[in-house]
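Examination of the molecular architecture
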Amino acid sequence: VGRVVQLSMRSLRAKLFRQSVRLDVQSLAAEGSASLTARFTNDLTAIAQGMTLMGGKILLEPLKAGGCIALAFAANWRLTLLSLLCAPLGAWLFQRFGKQLKRASRKQMETVARLYQVVQEALSSFRVVTAFGQQGHHRRRLYRENRAYYQKAMQIQR
């Protein structure tokens, strides 16, 4: 599973970079290099984690579920049948909360892109920032973006 995941990540990284360098100047300016860097970092890490998790459990989990259902029927078939009839409600709830989590994750990714942008701007123009005494301004900007990122991360945790 690890080898397949790493080969897939290598391929995805190459494709993402190929697409990024094909962008026109206006698109790159609108998107920003910090946003693209955040996408490289967050999206690829999330994909790798998901592939690792799913790859290892794709056969094991259905077998566990079947065994648990068989044992539940053996213990109390009426209660098990009632539980299985209520399962669609549980699936609907998971779907609803999943959509909310997806929106919150998208907002968190936008926030981390802004955070990286602040860091990149300050570091890439370090001499200008220092010459004009703008360190405090950049610290405050970073503080605001860092706080916004924290709030989005806690929203996802909740």
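Owing to the predicted nature of the structure, the values given are computational and were not obtained by experimental measurement.

Check the secondary structure of the chain and you find 7 helices and 0 strands. In sequence order, the chain lays out its α and β elements as α-α-α-α-α-α-α. Over its C-alpha atoms the chain spans a radius of gyration of 23 Å, topping by over 25% the 15 Å that the globule rule assigns to 158 residues. With the C-alpha coordinates of the chain rotated into their principal frame, the extents come out at 75 × 35 × 25 Å. Within the chain, the proportion of its 158 residues that are buried is 16%. At a minimum sequence separation of 6, the contacts of the chain that also span at least 24 residues come to 74%. When the accessible area of the chain is evaluated, it comes to approximately 12,300 Å², of which 63% is carbon and sulfur surface.

On the surface, a cluster of positive charge is contributed by Lys99, Lys102, Arg103, Arg106 and Lys107. Along the chain, Lys99 falls in helix α5 (residues 77-124).

Glancing now at the packing of aromatic side chains. Across all of its chains, the model carries 0 aromatic pairs by this definition. Between the NZ or CZ atom of Arg96 and the centre of the ring of Phe97, over which it lies, the distance is 5.4 Å.

On to the side chain of His138. Its location among the elements puts His138 in helix α7 (residues 135-157). On the accessibility criterion, His138 (13% relative accessible area) is buried. Ignoring any residue separated from it by four or fewer positions in sequence, one finds His138 in contact with Val118, Ala122 and Val129.

A full pass over the atoms with the stated rule returns 3 salt bridges. Salt-bridge contacts for Arg114 lead to Glu145; the nearest nitrogen and oxygen are separated by 3.1 Å. With Arg114 in helix α5 and Glu145 in helix α7, this residue pair connects regions lying 31 residues apart in the sequence. Note that Glu121 is salt-bridged to Arg141, the shortest N-O span being 2.8 Å. Taken together, the residues span a long stretch of sequence, with Glu121 in helix α5 and Arg141 in helix α7 at a distance of 20 residues.

Here we take up the packing of helix α1 (residues 2-21) against helix α3 (residues 33-57). Taken N-terminus to C-terminus, the directions of α1 and α3 make an angle of 155°; their axes are 10 Å apart at the nearest point. On the basis of their axis angle, the class for α1 and α3 is roughly antiparallel. Two packed elements cross with a definite hand, and for α1 against α3 that hand is right-handed. When α1 is examined against α3, the residues Val4, Val5, Ser8, Met9, Leu12, Arg13, Leu16, Phe17 and Ser20 are found in contact with a partner set consisting of Leu36, Phe40, Leu44, Ile47, Ala48, Met51 and Thr52. Grouping the amino acids of the contact of α1 with α3 by side-chain chemistry returns 12 nonpolar, 3 polar and 1 charged.

A cluster of nonpolar side chains, namely Ile69, Phe73, Trp77, Leu81, Leu84 and Leu85, defines an oily patch on the protein surface of about 560 Å² accessible area. Broken down by secondary-structure element, the contributors of at least two residues to the nonpolar patch are α4 (60-75) and α5. It is α5 that contributes the most residues to the nonpolar patch, 4 residues altogether. Relative to the elements of secondary structure, Ile69 occurs in helix α4.

What counts, and at which threshold
- Residues numbered from 1 in each chain as written.
- Predicted model: local features only at pLDDT ≥ 70, side-chain atom pairs only at ≥ 80, totals over all residues.
- Heavy atoms only, no water.
- Helix = DSSP H or I, 4+ residues; strand = E, 2+ residues; numbered from the N terminus.
- Rg over C-alpha atoms; globule rule 2.2 N^0.38 Å.
- Buried < 20%, exposed > 50% of the residue type's maximum accessible area, 1.4 Å probe, protein only.
- Contact = heavy atoms within 4.5 Å.
- Areas by Shrake-Rupley, 256 points an atom, 1.4 Å probe, with all protein chains shown as cover.
- Patch = residues over 30% accessible without salt bridge, like charges linked within 9 Å, V, L, I, M, F, W, Y side chains within 5 Å.
- Salt bridge = Lys/Arg side-chain N within 4 Å of Asp/Glu carboxyl O.
- Lys, Arg positive; Asp, Glu negative; His and termini not counted.
- Charge placed at Lys NZ, Arg CZ, Asp CG, Glu CD.
- Phe/Tyr/Trp six-rings, centres within 6.5 Å; stacked < 30°, edge-to-face > 60°.
- Lys NZ or Arg CZ within 6 Å of the ring centre and 35° of its normal.
- Axes fitted to C-alpha atoms, helices over the stretch in contact; angles between N-to-C directions.
- Parallel < 35°, antiparallel > 145°, perpendicular 65-115°, else oblique.
- Left-handed = near helix turned anticlockwise from the far one by under 90°.
- Nonpolar A, V, L, I, M, F, W, Y, C, P; charged D, E, K, R; others polar.

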